[in-house]
Amino acid sequence: MAQNRSSAYIFQGVMYFYRQEKICCRYEITLRDEVDPALLQAAQDEVLARAEYFRQQLVWEKRDAYLEPNDQPCLVFQGSQLREIPEETNGYLFYFSCEGPVIYLNWHHFLSDGRGMASFAALVLEAYCNRRYGAGFVGMTLVTPPPYDEQALFDRFPSCHAKNDQSEQVPEIAEGAAHRTLVRVDKASLVQRALASGVKPFSCLTALLTLSMRQYLGRDEIFYSYSADTRDDIGAPGAPYNCVTSFQGRAAFGPDPRLEDFVGALDREVKSNLEPERKLERMAQQMNWIYEVSKLKAPLKIKQRVFQMGEYMGGVPSDFWISYLGNPLRPTSPELMDYIEDFEVWVPPDGASICVEAASVNGQIILCIQDKTLRSGLADVIRAVMEQEQVRVIQAQDRTPAFT
């Protein structure tokens, strides 16, 4: 067995090997000046020296996977085109690239979720700003908490072992080529609209998107899913590895629905689900299924098929998925935002027809949407619905097909 070999973090991300396609995510961070690739390389290398979790490569042996230290150079590339991870990245499960004023950070979802990756991205950006602008950020070591005890989690919630009974109503998920839509919403007007309804801004945003999807998809019943961070609840604060769970909601509409018709009920559901005990119970249910599939003595392709059947029967698929990051780069230092003009985060639809990744930066809620339905006009629909409900839209743009 190789030295320093570990399977400790495989379980937390292995579900992303059970998806139909590789889930690779992207941050796009626009700085105020053109990016110097040599300085970005130096900044990344500096942070990697104090971020051991990211200096790893994935090794498969028969049916088992391990993480091992990676001694190969971790290269910074130029250009915006996507590269195959890990085949074209010296085995690393992420890579930085740059073009003009934009820094791209691409990663395999197996390695980390959005919140986990944000801490690493912020440290590299700080190190770059120190070199480029003399910013004076203090370098921090990224300490990785030990993996949570999944068996203890399962024992705490014995009902997590119940098998799917195939009784859930499940929407059909679109599988076309993903197209992108970018929507920028004035945060203050969204918050004001939420306050007027007595609900959380996230609930208000989700309800507005549900109204939009009703019109866009031409249906009076919409299923939506949303994620919840569990780091603090599971006892792994600051963990870079995947540490989320998800919930599904359903909205049924009559003719000419308005936000007030259902946003209150949606908000009550969200608040209930975001209670720590409820999050952990849901996490136990979802991770127990992953654990059961992982234990199968079968090739990866068979495990993928079993996993997807179980997720489908468990009522996980949705018409749209929303993940709200807030400001992902703020936790280390608010001053970092002085150097950042714009931010986008793109994640392929995963168990949904449409994926919405939302970030809060510079007074805007930035919605990066990938849509597999092969329809058109999503940007116009979202703008119309939001403006009808007194939420100001700064930009709504249907873009070209997904990245090349």
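Structural notes, computed from the coordinates.

Parameters and conventions
Residues numbered from 1 in each chain as written. Predicted model: local features only at pLDDT ≥ 70, side-chain atom pairs only at ≥ 80, totals over all residues. Heavy atoms only, no water. Helix = DSSP H or I, 4+ residues; strand = E, 2+ residues; numbered from the N terminus. Rg over C-alpha atoms; globule rule 2.2 N^0.38 Å. Buried < 20%, exposed > 50% of the residue type's maximum accessible area, 1.4 Å probe, protein only. Contact = heavy atoms within 4.5 Å. Areas by Shrake-Rupley, 256 points an atom, 1.4 Å probe, with all protein chains shown as cover. Lys, Arg positive; Asp, Glu negative; His and termini not counted. Charge placed at Lys NZ, Arg CZ, Asp CG, Glu CD. Phe/Tyr/Trp six-rings, centres within 6.5 Å; stacked < 30°, edge-to-face > 60°. Lys NZ or Arg CZ within 6 Å of the ring centre and 35° of its normal. Pairing = 2+ DSSP bridges. Axes fitted to C-alpha atoms, helices over the stretch in contact; angles between N-to-C directions. Parallel < 35°, antiparallel > 145°, perpendicular 65-115°, else oblique. Nonpolar A, V, L, I, M, F, W, Y, C, P; charged D, E, K, R; others polar. Salt bridge = Lys/Arg side-chain N within 4 Å of Asp/Glu carboxyl O. Left-handed = near helix turned anticlockwise from the far one by under 90°. Polar contact = N/O pair within 3.5 Å; in protein donor to acceptor, adjacent residues only side chain to side chain. Core = buried A, V, L, I, M, F, W, Y, C linked by side-chain atoms within 4.5 Å.

### What to know about the overall build of the protein chain
Along its length, the protein chain carries 11 helices and 14 strands. For the protein chain, whose C-alpha radius of gyration is 21 Å, the value lies close to the compact-globule estimate of 22 Å for 404 residues. For the C-alpha atoms alone, the extent of the protein chain along its principal axes is close to 60 × 50 × 35 Å. Considering the protein chain as a whole, with its 404 residues, one finds that 54% of them fall into the buried category. In the protein chain, once contacts between residues fewer than 6 apart in sequence are set aside, the share between residues at least 24 apart is 74%. Entry remark: accessible area of the protein chain is about 17400 Å², with carbon and sulfur atoms responsible for 48%. Here the protein chain contributes 41 positively and 54 negatively charged side chains, and the mean placements of these two sets differ by 2 Å.

### Examining the packing of aromatic side chains
Under the criterion given, the structure shown has 25 aromatic pairs. Between Tyr92 and Phe94, the aromatic rings sit 6.1 Å apart at their centres with planes inclined by 75°, giving edge-to-face as the arrangement. Assessed through its relative accessible area of 0%, Phe94 is described here as buried. Considering the side-chain rings of Phe154 and Tyr291, the 5.5 Å spacing of their centres and the 50° angle between planes classify their relative orientation as tilted. Of this pair, Phe154 sits in helix α4 (residues 150-156) while Tyr291 sits in helix α9 (residues 276-294), and the two are 137 residues apart along the sequence. Here Phe154 falls in the buried class, since its relative accessible area comes to 1%. According to the relative accessible area criterion, Tyr291 is partly exposed, its value standing at 24%. In this structure an aromatic cluster arises from ring pairing among Tyr9, Tyr53, Phe54, Tyr92, Phe94, Phe96, Phe120 and Tyr241. The positively charged end of Arg5 is found above the aromatic ring belonging to Tyr66, 4.5 Å away from the centroid. The residue whose ring lies beneath Arg180 is Trp346, and the NZ or CZ to ring-centre distance is 5.3 Å.

### Concerning the pairing of strand β8 (residues 221-229)
For a regular strand, side chains alternate in direction, first toward one face of the sheet and then toward the other. As paired strands, β8 and strand β9 (residues 244-252) are joined by nine bridges and run antiparallel to one another. Bridge pairing links Ser225 to Gln248 in β9. Bridge analysis of β8 against strand β10 (residues 318-324) gives three bridges, and the strand direction is parallel. By the bridge assignment, Tyr224 is partnered in β10 with Phe320.

### Quick notes on the packing of helix α5 (residues 187-197) against helix α6 (residues 201-217)
Closest axis-to-axis distance for the α5/α6 pair is 8 Å, and the angle between their directions is 100°. When the axis of α5 is compared with that of α6, the two are roughly perpendicular. Contact residues: Leu190, Val191, Arg193 and Ala194 in α5; Pro201, Cys204, Leu205 and Leu208 in α6. Looking at side-chain class alone, the contact of α5 with α6 contains seven nonpolar, no polar and one charged residues.

### Considerations on the pattern of salt bridges
Scanning the model with the defined rule gives 28 salt bridges in all. Residue Arg383 is joined to Glu387 by a salt bridge in which the shortest nitrogen-to-oxygen separation is 3.5 Å. One end of the pair is Arg383 and the other is Glu387, both in helix α11 (residues 378-388) and four residues apart, which spans about a single turn. With a relative accessible area of 26%, Arg383 lands in the partly exposed category. Here the salt bridges do not stand alone but share partners, grouping Arg184, Asp342, Glu344 and Arg399 into one network.

### A few points about the packing of α6 against helix α8 (residues 263-273)
Where α6 meets α8, the closest approach of the two axes is 9 Å, and the angle between their N-to-C directions is 125°. Taken together, the axes of α6 and α8 lie oblique to each other. Crossing handedness for the pair α6 and α8: right-handed. Taken together, the residues of α8 that come into contact with α6 (itself represented by Phe202, Ser203, Cys204, Thr206 and Ala207) are Val263, Leu266, Asp267 and Val270. Among the residues making up the contact of α6 with α8, the classes are represented as six nonpolar, two polar and one charged.

### With respect to unusual backbone geometry
Along the chain, Ile85 connects to Pro86 via a cis peptide bond; the corresponding omega equals 5°. In this fold, Pro86 is placed in the loop between β4 (77-78) and β5 (94-99). The phi dihedral of Asn362 falls on the positive side, at around 55°, and the residue is not glycine. Mapping Asn362 onto the fold places it in the loop between β12 (352-361) and β13 (364-371). Among the residues examined, Asn362 registers a relative accessible area of 46% and is labelled partly exposed. Of note, the phi angle at Gln390 is positive, near 65°, even though the residue is not glycine. The residue Gln390 is located in the loop between α11 and β14 (393-401) in this model.

### Things to note about the side chain of Ser246
Relative to the helices and strands, Ser246 resides in strand β9. Classification of Ser246 as buried rests on a relative accessible area of 10%. At 2.8 Å, the side chain of Ser246 and the side chain of Gln286 are in polar contact.

### Quick notes on the sheet that holds strand β1 (residues 24-31)
With respect to topology, five strands assemble into an open sheet ordered β4-β5-β6-β1-β11, the strand pairing being mixed. The sheet terminates laterally at β4 and β11 (340-346), the two strands that pair on one side only. Here β1 pairs with β11 via six bridges, running antiparallel. Bridge pairing in β11 places Glu28 opposite Glu344.

### Comments concerning the nonpolar core
Nonpolar side chains in soluble globular proteins generally cluster together in the buried interior. Core analysis: the biggest nonpolar cluster contains 87 residues, and Tyr27, Leu40, Phe54, Phe94, Phe96, Phe120 and Leu329 have the highest contact counts within it. A per-element tally of this core places helix α3 (residues 114-133) first, with 11 residues. Ignoring any residue separated from it by four or fewer positions in sequence, one finds Phe96 in contact with Leu40, Gln44, Leu75, Val76, Phe77, Ile103, Tyr104, Leu105, Phe120 and Val124.

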